[in-house]
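Geometric and topological summary
So the chains spell out like this:
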Amino acid sequence: MRTPRTALTAAVAALALTVAGCSSSGGKSSEGKTKDAASGGKGVSTPRLKIAMVTHSGEGDTFWDIVQSGAKQAAAKDNVDFLYSANKEGQQQSQLVQAAIDQKVDGIIVTLAKPEAVRDVVKKAVAAGIPVVTINSGAQYSKDLGAIGHIGQDEGVAGEAVGEQLNASGKKKTVCVIHEQGNVSLEERCAGVKKTFHGTVENLNVDGTNTPAATSSIEAKLQAGKDIDSVVTLGAPMAAAAVKAKGDAGSSAEVDTFDLNAAVIKQFKAKEIGFAVDQQPYLQGYLAVDELWLDKTNGNVVGGGRPVLTGPAIVTEKDVPTLEKYTARGTR
């Protein structure tokens, strides 16, 4: 696994929440315990907290399963009642954040994929004295909204790393597949690719929640452009769609992707994918819960208030032996 040098230089009414997503009571086994986790106990002895995470996830996006895995692990350690909800539509995501505020949670973790839609409600949470940590998307908006920190990768830098990787493999024309229109982070990734790639980049918007339709769109693009020699997908589930589309179109284009899951590892082993960009979603969930716990219990500010980077790193077939056991258990 290779971390691009450029990345090194940029260094959630309970019913409303559970209906929209799920609720995980991490840390119940730690209530009443007096031992600290570091000294062999099951969790901390700090007061029980309630933390909500509200994301822009669409149905079937395995990336957010991995984020939740990390958040739940930290919640178990930190004696936190963890609530999760999601909606890909900005207005509905905003309503879920409001539901968390109404429930008087101790902290909120939120994504800023569509910052204009959630801007006012995030400011409302901050004004109510609820600390907010942003994750994954919209890092550039986080501080202005009053969040205590942001955890994720620099999306532009990640895209630039992809462009450089495509150059190294001699590619000339690529399609950047955006699976959620209006998501600022996805747009930043494709813009980053264009910035460093010496060849031609064409963006293709598809519906990431409708895999058959997305597959057909990619196939049609490949059939119309016989000179396309690479397809970059911006999420692991879309990689499988691109692989199928490539086969159906009779294309020889290389498929590369952002993010990992067990399916991507299998695709590596089958030589169906050239490389992947790992932003460590488990770490995003884990660190976000931990940052709110540290803020509430010890007044810590992680990263001095600056974004904490979890990626990007370029993953290739040679990294499969190391990562396979982690993707199988849903943590990478």
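See the structure printed just above.
Residues numbered from 1 in each chain as written. Predicted model: local features only at pLDDT ≥ 70, side-chain atom pairs only at ≥ 80, totals over all residues. Heavy atoms only, no water.

This brings us to the environment of Q153. Looking at the element boundaries, Q153 is found in the loop between β6 (149-152) and α7 (155-168). C-alpha of Q153 to C-alpha of P307: the two residues are 154 residues apart in sequence and 8.5 Å apart in space. If we skip the residues at most four places from it in the chain, Q153 touches A158, R189, F258, V277, D278, Q279, Q284, L309, T310, G311 and P312. Reaching out from Q153, the side chain makes a polar contact with the side chain of E155 at a distance of 2.9 Å. (Helix = DSSP H or I, 4+ residues; strand = E, 2+ residues; numbered from the N terminus. Contact = heavy atoms within 4.5 Å. Polar contact = N/O pair within 3.5 Å; in protein donor to acceptor, adjacent residues only side chain to side chain.)

The next point concerns the side chain of Q267. Examined against the element boundaries, Q267 turns out to sit in helix α11 (residues 262-269). Since its relative accessible area comes to 7%, Q267 is described here as buried. If near-sequence neighbours (up to four positions away) are discounted, Q267 is found in contact with A239, A240, E272 and I273. (Buried < 20%, exposed > 50% of the residue type's maximum accessible area, 1.4 Å probe, protein only.)

Turning next to the sheet that holds strand β8 (residues 200-205). Spatially, the six strands line up as an open sheet ordered β8-β7-β9-β10-β11-β13, and their pairing is mixed. At either end of the open sheet lies a strand with only one pairing partner, and these are β8 and β13 (313-315). In this sheet, adjacent strand axes meet at a mean angle of 25° when their direction is disregarded. Sitting on the sheet, helix α8 (residues 184-196) touches β7 (173-178), β8 and β10 (254-258), and the angle it makes with β7 is about 170°. (Pairing = 2+ DSSP bridges. Axes fitted to C-alpha atoms, helices over the stretch in contact; angles between N-to-C directions.)

So far we have only geometry, and geometry alone does not tell us how the molecule works.
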